[in-house]
Every structure is written in structure tokens, then in C-alpha cells.
Amino acid sequence: MKEQWESQVWQRVRQPMAASGENLRVLRRESMCLAGIYRKLENTLRGSSREQAAVLYRQELENEAILRGLERLSGGDSGPMRPVSPPEEGTARLLNQCFRSTCRAQTEYLARSAEPETGIVFRLLADNAAARCAGIARLLGSLG
């Protein structure tokens, strides 16, 4: 199963830039779904947990801006996106979803880091996603 998944990731990475514009839109939408969760948590959590959620929210907005820039570089632009309202779920469940989604994005970014023109930016996105995974785990661990 893992080999099939890795094969699919590499297949997407090797697609022409025009096709990767669609993939960037998907990554941007996923980023805005995460931003919506972090915004909700920022409004519902208290103390240092609230501050951690605020940091994750700002980082996700920055992530989406970089992805939009990459989309523009590839010749597309699906326009501005807004954070997506999350489903009504518990905090731990939302953070679990964020962790898994961010790990998947990190893997996608790392796979794209081999691209000749934009690889260095995808490497930065991969490193940032790894740091967000640690932040999500820290937040999840600090919940009472």
C-alpha cells in the first residue's frame, strides 16, 4: 500500500507544470481547511493553548500564500482563498486531523523538492510542515 501511495506522489510530482497548478489548488484548499480549524481553536482555547493555536493559524496562512505564489509561477492563479469553517468536532479530534493532514502535506512537499525551479521552496514548505506537526503534537499534549 505504501509503495502505491509513494508511486502516486511521484507521478504527481513529475507531471508538467500546467497540471501541477491543479495540485497546488488542492494543497491550498487543504491549507485553508487547516487554517479554519486553527482559527476555531484560537477562539475556543485558553491560555498558552490559545497562543499555540494562533501561531499555527498564522503559519498556515503563510503556507497558503507561498503555495499561491507557486501557483502563479506555474501560470495559474485560482484567486484568494479564505479559511474553511471546520466540522463540529472535539478539540483532540480536530488536532488529530490537522496532524495527519500536515504530515501528508509534508510528504508531498518533500517529494516536490526535487523539482528544478521550485524545489527549494518546496523544501522550505516541507521543513515548515514538519515544525507544524511538532507544534500540533505539543498542543495536543498540553490539553487538559
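The notes below deal with the structure included here. Being a predicted model, the structure only gives us computed values, none of them experimental.

Contact pair helix α4 (residues 91–112) / helix α5 (residues 119–142): the axes reach a minimum separation of 8 Å and the direction vectors enclose 160°. With respect to each other, α4 and α5 are oriented roughly antiparallel. Regarding α4 and α5, the two cross each other, and that crossing is left-handed. In terms of residue class, the contact of α4 with α5 is made up of 17 nonpolar, three polar and three charged.

Attention now moves to the nonpolar core. Considering soluble globular proteins, one finds that nonpolar side chains tend to be buried as a cluster. In terms of nonpolar packing, the biggest core is built from 15 residues, with Tyr 38, Leu 41, Cys 98, Ile 136 and Leu 139 touching the most fellow members. Broken down by secondary-structure element, the contributors of at least two residues to this core are α2 (17–44), α3 (47–73), α4 and α5. In terms of residue count, α2 provides more of this core than any other element does, six residues in total. Sequence-distant contacts of Leu 41, defined by excluding residues within four places in its chain, comprise Ala 53, Thr 91, Leu 94 and Leu 95. Tyr 109, Leu 125, Ala 126 and Ala 129 belong to the second largest nonpolar core, which has 10 residues in total.

Once that is clear, we can look at the side chain of Glu 71. Among the structural elements, Glu 71 can be located in helix α3. By relative accessible area, Glu 71 is classed as buried at 0%.

Here we take up the packing of α3 against α5. One way to put it is that α3 packs onto α5 with a least axis distance of 10 Å and a crossing angle of 160°. It follows that α3 is roughly antiparallel to α5 by the angle criterion. Judged by the sense of rotation from one axis to the other, the crossing of α3 with α5 is left-handed. For the pair formed by α3 and α5, the contact residues are Ser 49, Gln 52, Ala 53, Leu 56, Gln 59, Glu 60, Asn 63, Ile 66, Leu 67 and Leu 70 on the first element and Val 121, Phe 122, Leu 125, Arg 132, Gly 135, Ile 136, Arg 138, Leu 139 and Ser 142 on the second. Among the residues making up the contact of α3 with α5, the classes are represented as 10 nonpolar, six polar and three charged.

So, about α5. Look at α5: 35 Å from first C-alpha to last across 24 residues, which is about the 34 Å you get at 1.5 Å a residue. Among the residues of α5, those classed as buried are Gly 119, Phe 122, Leu 125, Ala 126, Ala 129, Arg 132, Cys 133, Gly 135, Ile 136 and Leu 139.

Calculation rules
- Residues numbered from 1 in each chain as written.
- Predicted model: local features only at pLDDT ≥ 70, side-chain atom pairs only at ≥ 80, totals over all residues.
- Heavy atoms only, no water.
- Axes fitted to C-alpha atoms, helices over the stretch in contact; angles between N-to-C directions.
- Helix = DSSP H or I, 4+ residues; strand = E, 2+ residues; numbered from the N terminus.
- Parallel < 35°, antiparallel > 145°, perpendicular 65-115°, else oblique.
- Left-handed = near helix turned anticlockwise from the far one by under 90°.
- Nonpolar A, V, L, I, M, F, W, Y, C, P; charged D, E, K, R; others polar.
- Core = buried A, V, L, I, M, F, W, Y, C linked by side-chain atoms within 4.5 Å.
- Buried < 20%, exposed > 50% of the residue type's maximum accessible area, 1.4 Å probe, protein only.
- Contact = heavy atoms within 4.5 Å.
- Expected span 1.5 Å × (residues − 1).

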